[in-house]
Amino acid sequence: MNPVDKFFQNEGINSLSPEGESYFSWQTCDCCNAKAGDRYDCVAYHPESNEILKYSVCLDCVLYSANGE
């Protein structure tokens, strides 16, 4: 299973929506645990709790979330 699909399943979400521009971070990607690099602040809707969740995600995970590849 792809790390993004696994992350979605573990978090109980279906998609990520990036907000704003990318920025450099030394922190790992919340989704795939990639090392330091460009990150996007993303939000996701959690249907069970009716909450908006926030994540810091790398470009690869943003693109996979949007395009499925």
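Whatever comes next refers back to the structure up there.
Residues numbered from 1 in each chain as written. Predicted model: local features only at pLDDT ≥ 70, side-chain atom pairs only at ≥ 80, totals over all residues. Heavy atoms only, no water.

**Student:** Honestly, the packing of aromatic side chains in this entry has me stumped. Any pointers?
**Tutor:** The geometry of an aromatic ring pair is captured by the separation of the ring centres together with the interplanar angle, meaning the angle of the planes. Enumeration according to the criterion identifies three aromatic pairs in this entry. An angle of 50° between the planes, with centres 6.4 Å apart, marks the rings of Phe7 and Phe8 as tilted. Here Phe7 and Phe8 have matching classes, each one buried. Between the aromatic rings of Phe7 and Tyr55, the centroid separation amounts to 5.0 Å while the plane-to-plane angle is 80°, which identifies the pairing as edge-to-face. Taken together, the residues span a long stretch of sequence, with Phe7 in helix H1 (residues 3–11) and Tyr55 in strand E3 (residues 51–58) at a distance of 48 residues. Neither residue differs from the other here; Phe7 and Tyr55 are each classed as buried. (Phe/Tyr/Trp six-rings, centres within 6.5 Å; stacked < 30°, edge-to-face > 60°. Buried < 20%, exposed > 50% of the residue type's maximum accessible area, 1.4 Å probe, protein only. Helix = DSSP H or I, 4+ residues; strand = E, 2+ residues; numbered from the N terminus.)

**Student:** Teacher, can you tell me more about the sheet that holds E3 here?
**Tutor:** Adjacent strands of a sheet pair through backbone hydrogen bonds, lying either parallel or antiparallel. The sheet built from three strands is open, its strands ordered E1-E2-E3 with antiparallel pairing. Each edge of the open sheet is held by one strand with a lone partner, namely strand E1 (17–25) and E3. Sheet twist, expressed as the mean angle between neighbouring strand axes with direction ignored, is 25°. Sheet topology note: the E1/strand E2 (residues 37–46) ladder contains six bridges and is antiparallel. Within the sheet, the bridge partner assigned to Ser17 lies in E2 and is Val43. Across the sheet, helix H2 (residues 59–67) touches E1, E2 and E3, and the angle it forms with E3 is around 125°. (Pairing = 2+ DSSP bridges. Axes fitted to C-alpha atoms, helices over the stretch in contact; angles between N-to-C directions. Contact = heavy atoms within 4.5 Å.)

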